[in-house]
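Residue-level listing of the chains:
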Amino acid sequence: MRAIWKGAVSFGLVSIGVKVYSATEEKDIRFHQVHREDGGRIRYKRTCQVCGEEVTYDDIAKGYDIGGGEMVILTDEDFAELPLSTSHAIDVLEFVPAEQVDPILYNKAYFLEPEGSATKPYVLLRDALSDSERVAIVKVALRQREQLATLRVREGVLLLNTMLWPDEVRTPDFGFLDEDLKVRPPELAMASSLIDSMAGEFEPDAFTDDYRAALQEVIDAKIEGREVVQPEEEEAAPAAAVDLMAALKASVERARAARGEAPPGGGGEPTPISAARSAQKAAKAAKKAPAKKAAERKAPAKKAAEKKAPAKKAAEKKAEPAKKAAAKKAPAKKAPAKKAAPRKTA
């Protein structure tokens, strides 16, 4: 690493010589603008709008537009004469609890390395910060600009985090903030349950930039002259016709399943996810419902006939005992007597 700044940390009457290094770097894959036909690099010229001449970096100054076409020109000498008391110093202003610093204020991070014989006071400040569990609020001038910053310890090294000034943070102004929206207690409880089911310990190494890895694969394939096999895109699930509570319950179940936890209540009862899927099927079936309703409207006569049928059967059942009783009382009919055959005479 190359030091971008040299100075001293002013800690009371103690001065600690340090070198400042950028603590982070961007891993984005960078491209050049080229001519599509021959791959030639595209160059841009710095030209003056007044005289039309090309201008070198040495002839470029900073201008402040005051309106009406007038410009105030500032040179490097003008900036050098500004009264920056922190031009080569990191002045410690106070020590505060780390949780009192809003993360939105953090800007860039820098490592501090002790320079020369400043190792012992450097280690002293580092250990004192660790024991106090506080961060130091400091002022520092980097790149001709005075900035607010914090000093804290990370992996045994003092870390300088430059900060935005409070007036550089915008105030959110959105319409929904003025709306009277109320969340029902069951919904809040279910959302809290979802948070609990997805709770874990933050491990930065567990996350990767999948887009950058895929882009690098495309570049490597171009270099080697091979084709890149594109992964199959998963079809987006149709929007389920479920309410917020059903969606929260399904989310809780999915989070528990990802952790290998068994769903509550055993596997016999419908689960929130199965309920959500059933809701999806119900939404599809709802489109076919008009035809079914029309068929039901045509069948009133059939239903009326079915209603009459039970009454007819009930009447037949009531008549059966009376028929049997009448049959018992009726005398049996005698069979007609046979006529005697005439006797034959000799």
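Right, let's walk through the structure included here. (Residues numbered from 1 in each chain as written. Predicted model: local features only at pLDDT ≥ 70, side-chain atom pairs only at ≥ 80, totals over all residues. Heavy atoms only, no water.)

## A word on the overall build of the protein
Counting its secondary structure elements, the protein contains 7 helices and 9 strands. Burial status across the protein gives 16% buried among its 346 residues. In the protein, the share of contacts with a sequence separation of at least 24, taken over all contacts with a separation of at least 6, comes to 60%. (Helix = DSSP H or I, 4+ residues; strand = E, 2+ residues; numbered from the N terminus. Buried < 20%, exposed > 50% of the residue type's maximum accessible area, 1.4 Å probe, protein only. Contact = heavy atoms within 4.5 Å.)

## What to know about the nonpolar core
Judged by nonpolar contacts, the single largest core of 21 residues is most densely connected at V9, V18, I90, L112, V138, L151 and L160. At the level of elements, strand 1 (5-11), strand 2 (14-22), strand 5 (89-97), strand 6 (106-114), helix 2 (119-132), strand 7 (134-142), strand 8 (145-154) and strand 9 (157-163) are the ones that each hand at least two residues to this core. Residue contributions to this core peak at 4 residues, all from strand 7. Among all residues touching L112, those that are not within four sequence positions of it are V9, V18, K19, V20, I90, Y122, L151, V157, L158 and L160. (Core = buried A, V, L, I, M, F, W, Y, C linked by side-chain atoms within 4.5 Å.)

## Some details on the packing of helix 3 (residues 185-197) against helix 5 (residues 244-258)
Contact geometry of helix 3 with helix 5 gives a least axis separation of 9 Å together with a crossing angle of 20 degrees. As judged from the angle between their axes, helix 3 and helix 5 are roughly parallel. Of the two possible hands of crossing, helix 3 and helix 5 adopt the one that is left-handed. Side by side, helix 3 and helix 5 meet where P186, E187, M190, A191, S193, L194 and S197 of the first sit next to L244, M245, L248, K249, S251, V252, A255 and R256 of the second. (Axes fitted to C-alpha atoms, helices over the stretch in contact; angles between N-to-C directions. Parallel < 35°, antiparallel > 145°, perpendicular 65-115°, else oblique. Left-handed = near helix turned anticlockwise from the far one by under 90°.)

## Brief notes about helix 4 (residues 210-224)
When the terminal C-alpha atoms of helix 4 are compared, their 21 Å separation across 15 residues agrees well with the 21 Å that a helix rising 1.5 Å per residue should span. The N-cap residue of helix 4 is D209: its side-chain oxygen and the backbone nitrogen of Y211 are 3.3 Å apart. A positive backbone phi angle near 75 degrees is found at G225, which sits one or two residues after helix 4. (Expected span 1.5 Å × (residues − 1). Polar contact = N/O pair within 3.5 Å; in protein donor to acceptor, adjacent residues only side chain to side chain.)

## Description of the sheet that holds strand 6
Here 7 strands make up a closed barrel; going around it, the order is 1-2-6-9-8-7-5 and the pairing mixed. Sheet twist, expressed as the mean angle between neighbouring strand axes with direction ignored, is 40 degrees. Of the pairings in the sheet, the one linking strand 8 to strand 9 comprises 7 bridges and is antiparallel in character. Each bridged residue has a counterpart across the sheet, and for R154 the counterpart in strand 9 is V157. Set on the sheet, helix 2 makes contact with strand 1, strand 2, strand 5, strand 6, strand 7, strand 8 and strand 9; between it and strand 9 the angle comes to about 70 degrees. (Pairing = 2+ DSSP bridges.)

## With respect to the pattern of salt bridges
Under the defined criterion, the tally for this structure stands at 8 salt bridges. Across the pair K27 and E25 runs a salt bridge whose closest N-O atoms are separated by 3.4 Å. You can call K27 partly exposed: its relative accessible area is 49%. The exposed category is assigned to E25, whose relative accessible area is 61%. (Salt bridge = Lys/Arg side-chain N within 4 Å of Asp/Glu carboxyl O.)

## A few points about the packing of aromatic side chains
Throughout the structure, instances matching the rule amount to 3 aromatic pairs. With a centroid separation of 6.3 Å and 20 degrees between ring planes, the pair formed by F174 and F176 is classed as stacked. According to the relative accessible area criterion, F174 is partly exposed, its value standing at 49%. (Phe/Tyr/Trp six-rings, centres within 6.5 Å; stacked < 30°, edge-to-face > 60°.)

## Considerations on the environment of H88
Examined against the element boundaries, H88 turns out to sit in the loop between helix 1 (76-80) and strand 5. Looking at H88, the relative accessible area reads 58%, which means it is exposed. With 71 residues separating them in the primary sequence, H88 and G17 have C-alpha atoms 10.0 Å apart. The residues touching H88, leaving out its near neighbours within four places in the chain, are W5, K6, G7 and A8.

## Quick word on the pairing of strand 8
Sheet topology note: the strand 7/strand 8 ladder contains 7 bridges and is antiparallel. Looking at strand 8, one finds that I137 is bridged to T150. Between strand 8 and strand 9, which pair antiparallel one after the other, the connecting turn spans 2 residues, and E155 there sits at a positive phi close to 55 degrees.

## Some words on a negative patch on the surface
A contiguous patch of negative charge, built from D76, E77, D78 and E81, is present on the exposed surface. With respect to the element layout, E81 can be found in the loop between helix 1 and strand 5. The exposure class of E81 is exposed, given its relative accessible area of 64%. (Patch = residues over 30% accessible without salt bridge, like charges linked within 9 Å, V, L, I, M, F, W, Y side chains within 5 Å. Areas by Shrake-Rupley, 256 points an atom, 1.4 Å probe, with all protein chains shown as cover. Lys, Arg positive; Asp, Glu negative; His and termini not counted. Charge placed at Lys NZ, Arg CZ, Asp CG, Glu CD.)

## Concerning helix 2
Because the α-helix completes a turn every 3.6 residues, residues three or four places apart line up on one side. Taking 1.5 Å as the rise per residue, helix 2 with 14 residues should run 20 Å; its terminal C-alpha atoms sit 20 Å apart, in good agreement. Listed as buried for helix 2 are Y122, L125 and L129. Along the axis of helix 2, the buried positions cluster into a sector of 65 degrees, meaning they face one direction only. Seen from the open side of helix 2, the exposed residues pointing more than 90 degrees away from its buried face are K120, L124 and D131. Immediately beyond the C-terminal end of helix 2, within one or two residues, lies E133, with a positive phi of roughly 55 degrees. (Arc of directions from axis to C-beta.)

## Here we look at the environment of V169
Checked against the element boundaries, V169 lands in the loop between strand 9 and helix 3. For V169 and I104, which are 65 residues apart along the polypeptide, the C-alpha to C-alpha distance reads 7.9 Å. Contacts of V169, omitting those with residues within four sequence positions, involve I104, L105 and L164.

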